[in-house]
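Next come the chains, spelled out residue by residue.
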Protein chains: 2
Amino acid sequence: MAEVFGKRVREVRHERGWTQEQLAFEAGVKRAYLSEVENGQRNVSLDVVEKLAKALGVGPEALVAE
Amino acid sequence: MAEVFGKRVREVRHERGWTQEQLAFEAGVKRAYLSEVENGQRNVSLDVVEKLAKALGVGPEALVAE
């Protein structure tokens, strides 16, 4: 599931035309951490799902749908 | 977000007519932990979201939609 989530975060970030730095700043997370999340290397918790979804302006379900 | 997730898990569990014991067994988690999750007291990670969604027979998005 981490892979699906990471891929969706990257897709939506690209749709916004944002760099990882921009999304990391908006979501209040470290860029290196975001890179690991996007690479499916992090089993994130719901509060991180919420932070990233809010920063990207989508509902959390948009980032976890398979 | 933990509250939203917990509420959804409980709603879908009730739709299935399952007890907490049954869902905990199907998802491979402890009943006491599931009770805390349903009460919004746990900031669960994506692998728990996946386990509970699979056990309930729904997509993970169904449990995180606000």
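Everything discussed here concerns the structure shown above.
Residues numbered from 1 in each chain as written. Chains lettered and ligands numbered in written order. Predicted model: local features only at pLDDT ≥ 70, side-chain atom pairs only at ≥ 80, totals over all residues. Heavy atoms only, no water.

A.B. asks: Quick question: what am I supposed to make of the overall build of chain A here?
C.D. replies: Of regular secondary structure, chain A possesses five helices and zero strands. Beginning at the N terminus, the succession of helices and strands in chain A can be written as α-α-α-α-α. Over its C-alpha trace chain A gives a radius of gyration of 10 Å, about what one expects of a compact globule, namely 11 Å for 66 residues. Within the span of chain A, comprising 66 residues, buried residues form 45% of the whole. Accessible surface computed for chain A: about 3,400 Å², of which carbon and sulfur atoms make up 48%. Averaged over its 10 positive side-chain charges, chain A has a centre that lies 4 Å from the centre of its 11 negative ones. (Helix = DSSP H or I, 4+ residues; strand = E, 2+ residues; numbered from the N terminus. Rg over C-alpha atoms; globule rule 2.2 N^0.38 Å. Buried < 20%, exposed > 50% of the residue type's maximum accessible area, 1.4 Å probe, protein only. Areas by Shrake-Rupley, 256 points an atom, 1.4 Å probe, with all protein chains shown as cover. Lys, Arg positive; Asp, Glu negative; His and termini not counted. Charge placed at Lys NZ, Arg CZ, Asp CG, Glu CD.)

A.B. asks: Help me understand helix α1 (residues 2-16) of chain B, please; the structure alone is not making it clear to me.
C.D. replies: Helical geometry note: an α-helix holds 3.6 residues per turn, so side chains three or four residues apart project in the same direction. In this model α1 of chain B runs 21 Å from its N-terminal to its C-terminal C-alpha over 15 residues, within 8% of the 21 Å that 1.5 Å per residue would give. Along α1 of chain B, the residues classified as buried are Ala-2, Phe-5, Gly-6, Val-9, Val-12 and Arg-13 of chain B. In a view along the axis of α1 of chain B, the buried residues occupy a sector of 135°, so they form one face of it. Along α1 of chain B, the residues that are exposed and aim more than 90 degrees away from the buried face are Glu-3, Lys-7 and Glu-15 of chain B. Among the structural elements, α4 (46-56) of chain A together with α2 (20-27), α3 (31-38), α4 (46-56) and α5 (61-64) of chain B are those in contact with the buried residues of α1 of chain B. Once α1 of chain B ends, the next one or two residues include Gly-17 of chain B, with phi positive near 70°. (Expected span 1.5 Å × (residues − 1). Arc of directions from axis to C-beta. Contact = heavy atoms within 4.5 Å.)

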